[in-house]
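Chain and residue survey
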Amino acid sequence: MGGIRFYNTMTRSLESFEPLEEGHVRMYTCGPTVYNYVHIGNLRTFIFEDILRRTLQLFGYRVTQVMNLTDVDDKTIRDAKEAGMPLREFTDRYIAAFFEDIDMLRIQRAEHYPRATEYIPQMVELIKRLEQRGHTYRSEGSIYYRISTFPEYGKLSGVRLDKNLAGARVEADEYEKEDARDFVLWKAPKPGEPSWDTEIGPGRPGWHIECSAMSMSLLGETFDIHTGAVDNIFPHHENEIAQSEGATGKPFVRMWLHAEHLIVEGEKMAKSKGNFFTLRDLVQRGYDPVAIRYLLLSVPYRQKLNFTFDGLHAAEQATQRLANTLRRLNTTPPATGGGDLPLESIETFIHDFRDGLADDLNTARALGALHTLLRRVNTALDGDGLSGDVRRSLSEVLRQADTVLDILPAEDSTVSDDEAARIEALIKQRNAARQNRDFATADAIRDRLASEGIVLEDTPNGTVWKLTRQRVRQ
Ligand code: AMP
Ligand code: ZN
């Protein structure tokens, strides 16, 4: 098995991945603008980044991930004003909501979540360096990046900024620029807007400078991976490169990874279009966050993901099927005469699963391998059953695979072998009591287990047990 390969937007090719520092990956991911709840399009990108970090961990790397929180920009300022709240209080509310959402989707926490408003001195420092190197000019109290001073501009996106584009894109709140292609680094204060008194004058930062300052402060001037969705490539990431490389003269990022969009009826899901669902919307309609996680990770990140409720139902069924097989596996007594699942199936699974992920995070292949394995497990359980050894190997590889996917219920794995044996013995006693029509004893056993957070379910194939949610959290 080779190493990991990723598609690098900069070179437009698959490249094998090696971090700068052996065994340690430093990565930066553009985070949310915290003026509202994130929608499931944003979450699709955050799930891609979660699968990325967990895959790197599966392959033995330590990961330092930084995700910024944009807590000052036109939108946060506008909506805080509308809500009649101080900016900090307003963004605090949506930062808390953001963490609730990512926790619900089992997205692993990054190592750092810097807030833009807490990195103003670093941004000022970076703008000063750019000024010293002749990349900036001032106009009406704002500071702009002069794109003509950075000949490599456009190398990530392939966008050629010739004169035709001049005037094409003037952002609402950018004042007087010499050239429409230039972008703002520092914005002059406006009445009623937050502003910082700094060495480069009063004002507030532009959006792009945030990411350059926070990434380099926390990860160094050159780091391994920078991610986002495809709409970030131009102009945001192009501008980050111009700022960072313009200031340091060093390569900024070694690999750029970008996720395709989640779309609805052919269009990008976006707040501005009003065609969006938040995670809360879907949970309120009764969908399980794990099924939503499954849906969002099931399509490889470089393909568009077309969101439909049919797709969400299918994801729900798939997660239920996986959970049922796992429960059967954990609650069916081991076969004594050696099970008939060849160990080879387990090895094939490990190979296909890892190889799929190593192939630019092909989650569809990884999931395919998982379903194939669990189909075989079901067939074996329908037949002669599985030996204790095979069951233990299966538990171990499923646990490993789930360190990346995180779509299996945690329940049964939290119980020791002794505990499982004790529960099985009580179930036997209960069944015996029921056969003797001693329902009082049978019910007492059931209630005792229930009080411990263990629920019994009588199925045509016998009694199975599972842990309740409260018990799982203990
Ligand atoms: P924002 O809060 O708008 O800055 O977006 C946060 C992240 O979500 C950025 O990386 C965006 O590129 C990404 N994003 C926004 N809309 C979508 C979408 N429909 N599908 C996937 N990612 C998106
Ligand atoms: Zn960014």
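Preceding this paragraph is the structure being described.
Summarised in this report is the structure supplied together with it.

Scoring rules and cut-offs
Residues numbered from 1 in each chain as written. Chains lettered and ligands numbered in written order. Predicted model: local features only at pLDDT ≥ 70, side-chain atom pairs only at ≥ 80, totals over all residues. Heavy atoms only, no water. Helix = DSSP H or I, 4+ residues; strand = E, 2+ residues; numbered from the N terminus. Buried < 20%, exposed > 50% of the residue type's maximum accessible area, 1.4 Å probe, protein only. Contact = heavy atoms within 4.5 Å. Areas by Shrake-Rupley, 256 points an atom, 1.4 Å probe, with all protein chains shown as cover. Lys, Arg positive; Asp, Glu negative; His and termini not counted. Charge placed at Lys NZ, Arg CZ, Asp CG, Glu CD. Pairing = 2+ DSSP bridges. Polar contact = N/O pair within 3.5 Å; in protein donor to acceptor, adjacent residues only side chain to side chain. Axes fitted to C-alpha atoms, helices over the stretch in contact; angles between N-to-C directions. Parallel < 35°, antiparallel > 145°, perpendicular 65-115°, else oblique. Left-handed = near helix turned anticlockwise from the far one by under 90°. Nonpolar A, V, L, I, M, F, W, Y, C, P; charged D, E, K, R; others polar. Phe/Tyr/Trp six-rings, centres within 6.5 Å; stacked < 30°, edge-to-face > 60°. Near = heavy atom within 4 Å. Expected span 1.5 Å × (residues − 1). Salt bridge = Lys/Arg side-chain N within 4 Å of Asp/Glu carboxyl O. Donors = N, O, S within 2.8 Å, 3.2 Å for Na, K, Ca; no water.

**Comments concerning the overall build of the protein**
For the protein, the helix and strand inventory stands at 15 helices and 16 strands. Overall size of the protein, expressed as C-alpha extent along the three principal axes, is 90 × 50 × 40 Å. Counting every position in the protein, which comprises 474 residues, the buried fraction comes to 54%. Taking the contacts inside the protein whose residues are at least 6 apart along the sequence as the reference set, 75% of them involve residues at least 24 apart. Put simply, the protein shows about 21,200 Å² of open surface, and 48% of that area lies on carbon and sulfur atoms. On the protein, the mean spot of the 60 positive side-chain charges and the mean spot of the 72 negative ones are 1 Å from each other.

**Regarding the sheet that holds strand β13 (residues 267-268)**
The 3 strands are arranged β13-β12-β14 in an open sheet whose pairing can be described as mixed. Each of the sheet's edge strands pairs with one partner strand only, and the pair in question is β13 and β14 (305-306). Bridge analysis of strand β12 (residues 262-264) against β13 gives 2 bridges, and the strand direction is antiparallel. Within the sheet, the bridge partner assigned to V264 lies in β13 and is E267.

**Structural notes on the side chain of E245**
Structurally, E245 is set in helix α6 (residues 233-248). Take E245: its relative accessible area is 12%, and that puts it in the buried class. Here the side chain of E245 touches F252 through a polar contact of 2.9 Å, landing on its backbone nitrogen.

**As for the packing of helix α10 (residues 343-358) against helix α11 (residues 363-382)**
Closest axis-to-axis distance for the α10/α11 pair is 7 Å, and the angle between their directions is 165°. Compared by their axis directions, α10 and α11 come out roughly antiparallel. The chirality of how α10 crosses α11 is left-handed. Between α10 and α11, the contacting residues are S345, I346, F349, D352, F353, D355, G356 and L357 on the first element and T363, R365, A366, A369, L370, L373 and R376 on the second. When grouped by side-chain class, the residues that make up the contact of α10 with α11 number 8 nonpolar, 3 polar and 4 charged.

**Things to note about the packing of aromatic side chains**
Evaluation of the coordinates by the stated rule reveals 18 aromatic pairs. Judged by centre distance (5.2 Å) and plane angle (5°), the rings of Y145 and F183 are stacked. Residue Y145 is found in strand β6 (residues 142-145), and its partner F183 is found in strand β7 (residues 183-187); the two are separated by 38 residues along the sequence. F183 shares its class with Y145; the two are buried. Considering the side-chain rings of F277 and F309, the 5.4 Å spacing of their centres and the 85° angle between planes classify their relative orientation as edge-to-face. Linking F277 in the loop between β13 and α7 (279-284) with F309 in helix α9 (residues 309-331), this pair joins segments that are 32 residues apart in sequence. According to the relative accessible area criterion, F309 is partly exposed, its value standing at 23%.

**Points about the site of ligand 1**
Near ligand 1 you find 15 residues, and of these T45, D231, N232, L262 and M269 are the closest. In this structure, G41 approaches ligand 1 through a main-chain N or O atom, which is 3.1 Å from a nitrogen atom. At 2.9 Å from a nitrogen atom of ligand 1 is found a main-chain nitrogen or oxygen belonging to L262. Calculation on ligand 1 without its partners gives an accessible area of 490 Å², and the protein chains cover 91% of this total. In terms of residue class, the shell around ligand 1 is built from 5 nonpolar, 8 polar and 2 charged.

**A closer look at α6**
Between its first and last C-alpha atoms α6 spans 21 Å; for 16 residues at 1.5 Å apiece the expected length is 22 Å, and the two agree. By the criterion of burial, α6 is predominantly enclosed, with 15 of the 16 residues buried. Looking at the residues trailing α6, positive phi occurs at G249, about 70°.

**What about the pattern of salt bridges?**
Tallying each qualifying case throughout the model produces 40 salt bridges. The residue K128 makes a salt bridge to E125 at a minimum N-O spacing of 3.7 Å. Note that K128 and E125 are positioned in helix α4 (residues 120-132) at a spacing of 3 residues, about one turn of the helix. Given the relative accessible area of 41%, E125 is considered partly exposed. Three or more residues joined by partner-sharing salt bridges are found here, namely D50, R54, R106, R293 and D406.

**Some remarks on the coordination of the zinc ion (ligand 2)**
Taken together, C30 (SG), C211 (SG) and H236 (NE2) make up the full set of protein donors to the zinc ion (ligand 2), lying 2.1 to 2.2 Å away. Site description for the zinc ion (ligand 2): donor spacing in sequence, C-x180-C-x24-H. Of this pair, C30 sits in the loop between β3 (24-29) and α1 (40-58) while C211 sits in helix α5 (residues 207-219), and the two are 181 residues apart along the sequence. Across the pair, exposure class does not vary: C30 and C211 are buried alike.

**Side note on the sheet that holds strand β4 (residues 62-67)**
Ordered by their spatial adjacency, 4 strands build an open sheet running β4-β3-β10-β11, and the pairing between neighbours is parallel. The open sheet terminates on both sides in strands that have one partner only, identified here as β4 and β11 (253-259). Taking each pair of neighbouring strands and ignoring which way they run, the sheet shows an average axis angle of 25°. Pairing of β3 with strand β10 (residues 223-229) involves 3 bridges; the strand directions are parallel. For T29, the partnering residue across the bridge sits in β10 and is T227.

**Brief notes about the packing of α1 against helix α12 (residues 388-405)**
Closest axis-to-axis distance for the α1/α12 pair is 7 Å, and the angle between their directions is 145°. Here I51, R54, T55 and L58 of α1 come into contact with α12, specifically with Q400, D402, T403 and V404. Its residues assigned to classes, the contact of α1 with α12 comprises 3 nonpolar, 3 polar and 2 charged.

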